[in-house]
Amino acid sequence: MNVYQDLMFPMNADKSVFEGNEKFYIPPTQQIHSEIIETAGVEMFVLRLDLMHPWVNGNKWYKLKYNLLEAQEKNFSTLLTFGGAYSNHIFATAAAGKLFGFQTIGVIRGEETLPLNPTLSFAIEQGMQLVYLNRASYRQRNSTELQAELRERYGEVFIIPEGGSNLNGVRGCTEILQQAENFDVVCVACGTGTTFAGILLSLTQQQKGIAFPILKNGSFLQPEIATLLQNYFAANLPAPNKFACSWELICDYHFGGYAKVNDELLNFTQQFQQNHSVPLDYVYTAKMFYGVMDLLQQGFFSKGDRILLIHTGGLQGNLGIQ
Ligand SMILES: *Cc1c(COP(=O)(O)O)cnc(C)c1O
């Protein structure tokens, strides 16, 4: 497991918070200095959610938190969830399950491939039971029929959707900025929009949220995020700020789609890590950081803006790409 320790937890953070009995670190905010940033007349910071815990970190921890609490309240001892073979969510759920005393079952899309990749070997080491579903069945993962079948097979399991993307997930993400100072603009990489929705619920009217979808044609997320916010309000769940801040999707930095990379992105990521000691994952954060640096050069931001980039973690996924 040392490979992860080195990759994901290089820093000795000194402030800690407690979630239950477990020790998590308060995510540090790191200022980034560069000529591009100074020329644009802005200040740029990174909220390092990747440094909260060696394995249970990033937005996937925030999305799990209230799911775990609900499972605990309802006396479930087993969590069942879904993901691809390199899923950050499977990785985090396996580790969080072990940490907080749940059995875990990971339903993996596709056939088993041996030897297991680093994500799935880690999941097994954490005690997760892996089950494989062919792609057609996997597509039914949110259907009541498939979920009933899984309950029949595996007993009383608390089912968490893929990515932890439900209203509990949104709720956890309303806490991401809890320890952060005030910023004018908050930027985040976006898959389903669950994390972004939670962040929007914690911004004031004076602040702006910008999401960078990492899927192709990401504008489909516009109505989905709006619906997610509506459902959140309808469920009457707590939010630090229910006044709608302004928000925007910027869909031009997907680099061809999910997990697609090119040399430009790889070089950018290596350079960024070298210059600023911020490792980025290629699937999500690298694309958002690239996008922000590109927009800075186009004069997209206003002079004097304080911009916060959220490092949502996901570094374990890089082991699958190199
Ligand atoms: C899952 C993930 C995201 C996307 O989160 P959504 O809530 O689905 O938008 C962003 N960054 C990282 C590192 C992730 O693992």
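What counts, and where the lines are drawn
- Residues numbered from 1 in each chain as written.
- Predicted model: local features only at pLDDT ≥ 70, side-chain atom pairs only at ≥ 80, totals over all residues.
- Heavy atoms only, no water.
- Salt bridge = Lys/Arg side-chain N within 4 Å of Asp/Glu carboxyl O.
- Helix = DSSP H or I, 4+ residues; strand = E, 2+ residues; numbered from the N terminus.
- Near = heavy atom within 4 Å.
- Polar contact = N/O pair within 3.5 Å; in protein donor to acceptor, adjacent residues only side chain to side chain.
- Areas by Shrake-Rupley, 256 points an atom, 1.4 Å probe, with all protein chains shown as cover.

### Looking at the pattern of salt bridges
Consideration 1: According to the stated counting rule, one finds 6 salt bridges in the structure shown.
Consideration 2: Linking Lys65 and Glu175 is a salt bridge whose minimum nitrogen-to-oxygen distance equals 2.8 Å. One end of the pair, Lys65, is in helix α3 (residues 58-73); the other, Glu175, is in the loop between α8 (167-173) and β9 (185-190), with 110 residues separating them in the sequence.
Consideration 3: Lys74 is the partner of Glu70 in a salt bridge, and the nearest nitrogen-oxygen pair spans 2.5 Å.

### Looking at the site of the ligand
Consideration 1: Around the ligand, the surrounding shell holds 15 residues, and the nearest of these are Lys60, Asn88, Thr192, Thr195 and Thr312.
Consideration 2: At 2.8 Å, a side-chain N or O of Lys63 approaches an oxygen atom of the ligand.
Consideration 3: Here Gly193 contributes a backbone N or O atom positioned 2.9 Å from an oxygen atom of the ligand.
Consideration 4: Out of a free accessible area of 390 Å², the ligand has 97% covered by protein chains.
Consideration 5: Mapped by element, the contributors of at least two residues to the shell around the ligand are α3, β9 and α9 (194-200).
Consideration 6: Broken down by element, the shell around the ligand gets its largest block of residues, 3 residues, from α3.

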